[in-house]
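Here is what each chain is made of, one letter per residue.
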Amino acid sequence: MIKHWVFAAALTFAGFAHADEKPQPAPAAPAAAAAPAYPALFVARDADSTLYLFGTMHIRRPGGEWGGPVAQAALAEADEVWTEMEIAENTQSEVQALVLSAGMAPADRPLSSWLNKDQRAELAAALQHLGASPAVFERMRPWLAAMTLSVMPLMQQGYDPAAGADRAVIGAAGDARQRAFETAAEQIGFFANLSDTAQRQYLMDTINTATGGSDEIDQLSHAWESGDLERLETLVLDSFRARYPELHQVIFTQRNHNWTETLVAELDGAGVDFVAVGAGHLLGDDGVVALLRARGVDVERAE
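Residues numbered from 1 in each chain as written. Predicted model: local features only at pLDDT ≥ 70, side-chain atom pairs only at ≥ 80, totals over all residues. Heavy atoms only, no water.

Asker: What am I meant to see in the overall build of the chain here?
Answerer: Secondary structure assignment for the chain yields twelve helices and six strands. Here the chain, with 303 residues, has 52% of them falling under the buried criterion. In the chain, of all internal contacts separated by at least 6 residues, the share reaching a separation of at least 24 is 81%. Just so you have it, the chain exposes about 13,100 Å², and 51% of that area is on carbon and sulfur atoms. (Helix = DSSP H or I, 4+ residues; strand = E, 2+ residues; numbered from the N terminus. Buried < 20%, exposed > 50% of the residue type's maximum accessible area, 1.4 Å probe, protein only. Contact = heavy atoms within 4.5 Å. Areas by Shrake-Rupley, 256 points an atom, 1.4 Å probe, with all protein chains shown as cover.)

Right, dumping it as structure tokens:
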């Protein structure tokens, strides 16, 4: 399973596939005559406002453009650029402090106390494989341990949160005003407030897949780069929605509805807004695109 919980400066996503799903071969390269494909961009317009919706991938291998020419031109038009949370140097230090506050385990409940004997052995094997310190992980709550285990193997395989498309968008945004849907405290709270059952399940699933290769994240990256929304929805949402209903409600549904309210209000104003959020938030029946359309907003695929 590719993990959704990759954490850098903000709540990020690497996507989901079912734990039992066998990696599929990477799609064949397009024929030379095929038109180039790019990450998906949507647009909504009314008489005096334009709203661009760009689905990002928050952890990528360095190099390559963050979006196609239409998305880059749209960003150049923007008066305001929205991300999930503020992307700035001062936010980094705030996130680190909040993670330490909310993610470290109390002395009387170390990480090992959440697990039985066999599960502790599985954790030890995963940490050994990754070259991670058992003592450091013992001081973490399950959600933080799982999040850390999610991102470590990806970074060892060349993926980097600093290369995420969100950061690239902000870096290319020029004088556009940066806006954020959520604060760092709110984002960390999504995980810190998970039930004990959800945290334990998250940790065990991450332990079970921490030693895997990069096939699944590579598939996700290819689907994102080529704007393959059907494949993205399969990888990111389908099995996750059924397997983790509590987490899906917290991480996707609740936030998508909140963001949609904000964007409808923006459309009632004037100007050009460029929204860059994890691609999974734009997909599915409870994605931002579908929710806007349900509110009567005409949203079209632009790239």
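What follows picks up the thread again.
Asker: Looking at this model, I keep getting lost on helix H1 (residues 69-77). Mind explaining?
Answerer: For an α-helix the count is 3.6 residues per turn, leaving residues at separations of three or four pointing the same way. Three or more residues of H1 are buried, namely Ala71, Ala74 and Leu75. Take H1 and look down its axis: the buried residues cluster within an arc of 100°, on one side only. (Arc of directions from axis to C-beta.)

Asker: Help me out: how do you make sense of the nonpolar core in this one?
Answerer: Residues Val81, Phe137 and Phe274 are the most contacted members of the largest nonpolar core, which totals 72 residues. Per-element tally for this core: the top contributor is helix H5 (residues 142-156), with nine residues. Within the second largest apolar cluster, 19 residues are counted, among which are Trp259, Leu263, Leu267 and Val288. (Core = buried A, V, L, I, M, F, W, Y, C linked by side-chain atoms within 4.5 Å.)

Asker: So what exactly am I meant to see when it comes to the pairing of strand E1 (residues 41-45) here?
Answerer: Successive residues of a regular strand alternate their side chains across the two faces of the sheet. Within E1, four of the five residues are buried, which leaves the element mostly enclosed by the surrounding structure. Bridge analysis of E1 against strand E2 (residues 49-56) gives five bridges, and the strand direction is antiparallel. Among the inter-strand pairings, Ala44 is bridged to a residue of E2, identified as Leu51. Where E1 folds back on E2, the antiparallel hairpin that results is connected by three residues. (Pairing = 2+ DSSP bridges.)

Asker: Sorry if this is basic, but what is going on with the confidence of the model for the chain here?
Answerer: Note: predicted coordinates in regions of low pLDDT should not be interpreted at a detailed level. Summarising the model, the chain shows a mean pLDDT of 86, and 88% of its residues fall at 70 or more. Helix H10 (residues 229-243) is the least confidently modelled element of the chain, averaging 85 in pLDDT, while helix H12 (residues 288-294) averages 98, the highest of any element. Low confidence marks residues 1-33, where pLDDT is under 50. Its contacts with residues over four positions away, or in another chain, come to 103 contacts. (pLDDT = per-residue confidence, 0-100.)

Asker: What am I meant to see in the packing of aromatic side chains here?
Answerer: Between two aromatic rings, the relevant description is the distance of the centres plus the angle of the planes. Tallied over the entire structure, the rule returns seven aromatic pairs. Taking the centre distance of 6.0 Å and the plane angle of 35° together, the rings of Phe54 and Phe274 count as tilted. Of the two residues, Phe54 is situated in strand E2 and Phe274 in strand E5 (residues 271-278); the sequence distance between them amounts to 220 residues. The same class applies to Phe54 as to Phe274, namely buried. An aromatic cluster is built from Tyr52, Phe54, Trp66 and Phe274, whose rings are joined through pairwise contacts. Arg109 extends its terminal NZ or CZ atom over the ring of Trp114, reaching a point 3.7 Å from the ring centre. (Phe/Tyr/Trp six-rings, centres within 6.5 Å; stacked < 30°, edge-to-face > 60°. Lys NZ or Arg CZ within 6 Å of the ring centre and 35° of its normal.)

Asker: What is the right way to read the sheet that holds strand E6 (residues 299-301) from this model?
Answerer: Strand-to-strand pairing in sheets goes through backbone hydrogen bonds, with the strands running parallel or antiparallel. Here six strands make up an open sheet; going across it, the order is E4-E3-E5-E2-E1-E6 and the pairing mixed. Of all the strands in the sheet, just strand E4 (177-182) and E6 have a single pairing partner and so form its edges. With direction set aside, neighbouring strand axes in the sheet form an average angle of 25°. Pairing of strand E3 (residues 80-85) with E4, which is carried by five bridges, proceeds in the parallel orientation. Bridge assignment links Thr83 to a residue of E4, and that residue is Ala180. Across the sheet, helix H7 (residues 184-192) lies against E3 and E4, angled at about 30° from E4, the strand it touches most. Sheet contacts for helix H11 (residues 245-267): E1, E2, E3, E4 and E5; angle to E4, the most-contacted strand, approximately 145°. (Axes fitted to C-alpha atoms, helices over the stretch in contact; angles between N-to-C directions.)

Asker: What's the story with the packing of helix H3 (residues 117-130) against H5 in this structure? I'm lost.
Answerer: Each packed pair of helices is defined by two parameters, the angle between the axes and the distance between the axes. Across the interface, H3 lies against H5 with an axial gap of 11 Å and an inter-helix angle of 30°. Relative to H5, the element H3 is oriented roughly parallel. Taken as a pair, H3 and H5 cross one another with a handedness that is left-handed. Side by side, H3 and H5 meet where Leu123, Leu127 and Leu130 of the first sit next to Leu149, Met152, Pro153 and Gln156 of the second. The class makeup of the residues in the contact of H3 with H5 is six nonpolar, one polar and no charged. (Parallel < 35°, antiparallel > 145°, perpendicular 65-115°, else oblique. Left-handed = near helix turned anticlockwise from the far one by under 90°. Nonpolar A, V, L, I, M, F, W, Y, C, P; charged D, E, K, R; others polar.)

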